[in-house]
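An overview of the molecular structure
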Amino acid sequence: KNEVEQSPQNLTAQEGEFITINCSYSVGISALHWLQQHPGGGIVSLFMLSSGKKKHGRLIATINIQEKHSSLHITASHPRDSAVYICAVLEYGNKLVFGAGTILRVKS
Amino acid sequence: NAGVTQTPKFQVLKTGQSMTLQCAQDMNHNSMYWYRQDPGMGLRLIYYSASEGTTDKGEVPNGYNVSRLNKREFSLRLESAAPSQTSVYFCASTWLGKEETQYFGPGTRLLVL
């Protein structure tokens, strides 16, 4: 079992839909990152959080440390949101572990 | 600011050849990282440098060496390339460490025949 599991692996949505991507992890962590990788390959950091909730534009990230779970929400999705979304956790001991990613396609 | 730059963007090697992947950042970051990304797998850390003058192994260091040339530059060397090293390589940097927001380079696609 991977230390970081993302679901779903693939997601297709219609423009305007509310999207949720989940990340579960099995070890204690000090921080969690959400990253976005565009079709061209570039990777951008969206959020880094260790508790609670963060919001940036139409993106919202939440984390529940007790349940070892984080979610990334996209409100009013748009085709330009189509990308791979990657969750990464920083374990105690300084090990950074990445999930395999969720491929999101938003259709117009 | 260019951010994090990587060269080359794409490279084809024959088994046994050597090459160096270059990475530079202009954000005055202390920490730099090399990752590889393979289909169906998450990014995996090869080596990192917490600060100028230090380097440490990551999850998959075998077959690679690194040099933190100065604060700006962090290179990754393949001494004798193998087909298993076919991958996309990303360099990243942060201000202090792994709890910080990571800034990624555009990646280098490497094919080893």
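Below is a short write-up of the structure. (Residues numbered from 1 in each chain as written. Chains lettered and ligands numbered in written order. Predicted model: local features only at pLDDT ≥ 70, side-chain atom pairs only at ≥ 80, totals over all residues. Heavy atoms only, no water.)

**Quick word on a nonpolar patch on the surface**
Residues and elements named next belong to chain B. A contiguous nonpolar patch, built from Phe10, Val12, Leu111 and Leu113 and spanning about 370 Å² of accessible area, is present on the exposed surface. Here Leu113 shows up in the segment after strand S11 (108-112). By relative accessible area, Leu113 is classed as exposed at 57%. (Patch = residues over 30% accessible without salt bridge, like charges linked within 9 Å, V, L, I, M, F, W, Y side chains within 5 Å. Areas by Shrake-Rupley, 256 points an atom, 1.4 Å probe, with all protein chains shown as cover. Salt bridge = Lys/Arg side-chain N within 4 Å of Asp/Glu carboxyl O. Helix = DSSP H or I, 4+ residues; strand = E, 2+ residues; numbered from the N terminus. Buried < 20%, exposed > 50% of the residue type's maximum accessible area, 1.4 Å probe, protein only.)

**Concerning the state of the cysteines**
Applying the stated criterion across every chain, the model contains 2 disulfides over all chains. Sulfur-sulfur distance for the disulfide between A:Cys23 and A:Cys87 comes to 2.0 Å. Here the disulfide of A:Cys23 and A:Cys87 is left-handed, its torsion about the S-S bond being about -60 degrees. Residue A:Cys23 is found in strand S3 (residues 19-25), and its partner A:Cys87 is found in strand S9 (residues 83-91); the two are separated by 64 residues along the sequence. The class for A:Cys23 is buried, based on a relative accessible area of 0%. There is a disulfide in this structure between B:Cys23 and B:Cys91, and the S-S distance comes to 1.8 Å. Taking the torsion about the sulfur-sulfur bond, which here is approximately -70 degrees, the covalent link between B:Cys23 and B:Cys91 counts as left-handed. (Disulfide = S-S within 2.5 Å.)

**Some details on the sheet that holds strand S8 (residues 69-74) of chain A**
Residue and element names in this part refer to chain A. Pairing in this open sheet of 5 strands is antiparallel, and the strands run S1-S3-S8-S7-S6 from one edge to the other. The sheet terminates laterally at strand S1 (4-7) and strand S6 (52-56), the two strands that pair on one side only. The sheet shows a mean angle of 15 degrees between the axes of neighbouring strands, direction not considered. The sheet contact formed by S3 and S8 spans 6 bridges and is antiparallel. Within S8, the position partnered with Cys23 by the bridge is Ser70. (Pairing = 2+ DSSP bridges. Axes fitted to C-alpha atoms, helices over the stretch in contact; angles between N-to-C directions.)

**Comments concerning the sheet that holds strand S8 (residues 74-78) of chain B**
Residue and element names in this part refer to chain B. Overall, antiparallel pairing links the 4 strands, which are arranged S1-S3-S8-S7 in an open sheet. Two strands bound the open sheet, and with one partner strand each, they are strand S1 (4-7) and strand S7 (64-68). Going from strand to strand, the sheet's axes swing by 15 degrees on average, the running direction of each strand aside. With 5 bridges joining them, S7 and S8 adopt antiparallel strand pairing. Within S8, the position partnered with Arg68 by the bridge is Phe74.

**Let's talk about the pattern of salt bridges**
In this structure the tally under the stated criterion is 5 salt bridges over all chains. Salt-bridge contacts for A:Arg58 lead to A:Asp81; the nearest nitrogen and oxygen are separated by 2.9 Å. Here A:Asp81 lies in the loop between S8 and S9 and A:Arg58 lies in the loop between S6 and strand S7 (59-64), a separation of 23 residues in the sequence. B:Arg44 serves as the salt-bridge partner of B:Asp38, at 2.8 Å between the closest nitrogen and oxygen. Here the two residues B:Asp38 and B:Arg44 agree in accessibility, since each one is buried. One connected set of salt bridges, linked through shared partners, spans B:Arg36, B:Asp38 and B:Arg44.

**A few points about the layout of surface pockets**
For the largest pocket, the calculated volume is near 600 Å³. Along the walls of the largest pocket sit 30 residues, with A:Val84, A:Ala100, A:Ile103, B:Gln37 and B:Gly40 positioned nearest its centre. Here the lining of the largest pocket is composed, by residue class, of 12 nonpolar, 14 polar and 4 charged. Here the second largest pocket defines a volume of roughly 280 Å³. As for the second largest pocket, its lining consists of 15 residues, of which A:Asn2, A:Val97, A:Phe98, B:Gly42 and B:Glu59 are closest to the centre. If you tally residues by element for the lining of the second largest pocket, the top one is strand S10 (residues 96-98) of chain A, at 3 residues. (1 Å grid on protein atoms, 1.4 Å probe; cavity = no way out; pocket = protein on both sides within 12 Å on 5 of 7 lines; lining within 4 Å. Points joined across faces, edges and corners; volume = space filled by probe spheres on them. Nonpolar A, V, L, I, M, F, W, Y, C, P; charged D, E, K, R; others polar.)

By themselves, these observations are geometric and do not establish any function.
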